[in-house]
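# Architecture at a glance
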Amino acid sequence: MQSPEGEAFPTAFQAVLLYVALLLCELLVGAALRDMRSLARLTAEQISALTLVLANGCVFVVVMHFQNISYRSLFHHSSASRRATLALVVPPVLLLVPALMLTISTALELLVRIAPMSAWEERLFQRMGDSGIASLIAACILAPVLEEMLFRGIVLRGFLRQYSRWHAILGSAVLFGAAHLNIYQFVVGIAMGVVLGWLYERTRSLIPCIALHVAYNSGLVAMGRLVNSQSDAMSAAGVATVWLVSLAVAGCGTMALRRMLSPRPR
C-alpha cells in the first residue's frame, strides 16, 4: 500500500524492523557475492563494499517507492538552498571534527579498560582499519552516506513528525548506535547520533550531516595511521596543546552554528 510523503513513517517499531530488513538483505547479498567470488575475482574487502551498497540500495528503493520520497527531497528537505547550506553550514560543522574525535576516542579508551575487547571484536576493528582502497572507500564514503540516508534521512525525519524534538533525536541516536552491534560503536553511535540528529533537525538537510560523518570517519583513519607510524608517545604538553586547539576550534564552530541555526523569535 502506497503512503503519501507526509505520512509519519517509520514509527520506532517500524524503524527497528527496517534495520532488521537491512541486515537480512546484507546477509543475502553477501552470501550471493561470496558464491561469485572466484568467478568475479573479488577480494573480501571488495565484497564487503559491494554488499553495503547493494543491500542498502535494495532497501532504499523499496522504502522510497512506497513512501513517495524522492532522492532530492531525502537529501535536502529544507527551504534554504543547497548551495547556501554547503557554503555556510558545512565549514563550521567541520570545525567540530577534531574535538569530537578526541572526546570520543578518550571515552572509548576508558570503556576498553573497563570492558576489554574480545578476540572477535579485536579482529572486527582490525578489519575496519584495513588500509585497502575498497575498505577506505567503504569506511570513509559509502558508510557515512548510506547511514545518513537511513538514520537521519528516513528514520529521524519520520521520528520528528511523531515525537518531541529530543525524543526523536535520542531515539534515532540509540538505534544508530545499536545498529553497529557492539558496545564500543554503540557508545560512538549515540554520541555522534545526537550531534548529527541535532544538525539534521536544525537544517533538514543531509549535506552537513554527511560532511561531518565523512570527515569524522576519515579523520579516524588518518589518526590511526599516524599513531601506528609514530613510535614515541606525544608529550603531555603536546597532548594539552592538541586538546586546547581542538576545543577552541570546536567552540568557534559551535557558536557559528548556533547563531545560524537557532530558531528566530517570532
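The following paragraphs examine the structure supplied in this document. These numbers come from a predicted model, not from an experiment. (Residues numbered from 1 in each chain as written. Predicted model: local features only at pLDDT ≥ 70, side-chain atom pairs only at ≥ 80, totals over all residues. Heavy atoms only, no water.)

### Regarding a nonpolar patch on the surface
- On the surface, V16, V20, L24 and L27 cluster together into a nonpolar patch covering about 350 Å² of accessible area.
- Mapped onto the secondary structure, L27 falls in helix α1 (residues 12-35). (Patch = residues over 30% accessible without salt bridge, like charges linked within 9 Å, V, L, I, M, F, W, Y side chains within 5 Å. Areas by Shrake-Rupley, 256 points an atom, 1.4 Å probe, with all protein chains shown as cover. Salt bridge = Lys/Arg side-chain N within 4 Å of Asp/Glu carboxyl O. Helix = DSSP H or I, 4+ residues; strand = E, 2+ residues; numbered from the N terminus.)

### Considerations on the nonpolar core
- Formed by 53 residues in total, the largest nonpolar core has its most connected members in L150, M192, L199 and L212.
- The element contributing the most residues to this core is helix α8 (residues 133-162), with 9 residues.
- Non-local contacts of L212, meaning those with residues more than four positions away in its chain, are made with V93, V97, L100, M192, V195, L196 and L199. (Core = buried A, V, L, I, M, F, W, Y, C linked by side-chain atoms within 4.5 Å. Buried < 20%, exposed > 50% of the residue type's maximum accessible area, 1.4 Å probe, protein only. Contact = heavy atoms within 4.5 Å.)

### Considering the packing of helix α6 (residues 97-114) against helix α12 (residues 236-261)
- Between α6 and α12, whose axes approach to 8 Å, the crossing angle comes to 125°. Comparing the axis directions of α6 and α12 gives the class oblique. Taken together, the residues of α12 that come into contact with α6 (itself represented by P98, A99, L102, T103 and T106) are V242, W243, S246, L247 and A250.
- Looking at the contact of α6 with α12 residue by residue, the class counts come to 7 nonpolar, 3 polar and no charged. (Axes fitted to C-alpha atoms, helices over the stretch in contact; angles between N-to-C directions. Parallel < 35°, antiparallel > 145°, perpendicular 65-115°, else oblique. Nonpolar A, V, L, I, M, F, W, Y, C, P; charged D, E, K, R; others polar.)

### Some details on the side chain of N182
- As for its placement among the helices and strands, N182 is situated in the loop between α9 (165-178) and α10 (183-203).
- Within the structure, the side chain of N182 is placed 3.2 Å from the backbone nitrogen of Y184, a separation counted as a polar contact. (Polar contact = N/O pair within 3.5 Å; in protein donor to acceptor, adjacent residues only side chain to side chain.)

### Let's talk about the packing of aromatic side chains
- Per the stated rule, a full pass over the model turns up 3 aromatic pairs.
- Measuring from ring centre to ring centre gives 6.2 Å for Y19 and F151, while their planes differ by 45°; the resulting arrangement is tilted. Remark: F151 occurs in helix α8 and Y19 occurs in helix α1; sequence separation between them is 132 residues.
- We classify Y19 as buried; its relative accessible area is 14%.
- A residue is classified by how much of its surface remains accessible, and F151, at 4% relative accessible area, is buried.
- Within the aromatic cluster, the residues linked to one another by ring pairs are Y19, F151 and F176.
- Cation over ring: R152 sits above F176, and NZ or CZ is 4.4 Å from the ring centre. (Phe/Tyr/Trp six-rings, centres within 6.5 Å; stacked < 30°, edge-to-face > 60°. Lys NZ or Arg CZ within 6 Å of the ring centre and 35° of its normal.)

### A short note on the pattern of salt bridges
- Per the counting criterion, the structure on display carries 3 salt bridges.
- Ionic pairing is found between E201 and R202, a salt bridge with its closest N-O pair at 2.7 Å.
- It is possible to trace a salt-bridge network through shared partners that takes in R165, E201 and R202.

### Examining unusual backbone geometry
- One non-glycine residue, N68, lies in the positive phi region at around 55°.
- Mapped onto the elements of the fold, N68 is located in the loop between α3 (44-66) and α4 (71-75).
- Taking relative accessible area as the criterion, N68 reaches 36% and is therefore assigned partly exposed.
- In the Ramachandran plot, R204 falls in the positive-phi region, its phi being about 55° despite a non-glycine side chain.
- Its location among the elements puts R204 in the loop between α10 and α11 (206-229).

### Looking at the environment of V194
- Following the sequence through the fold, V194 ends up in helix α10.
- With 26 residues separating them in the primary sequence, V194 and A168 have C-alpha atoms 9.8 Å apart.

### Some thoughts on the state of the cysteines
- Following the criterion strictly, the structure yields 0 disulfides and no others.
- C58 forms no disulfide, and the closest cysteine sulfur to it belongs to C25, at a distance of 4.3 Å. (Disulfide = S-S within 2.5 Å.)

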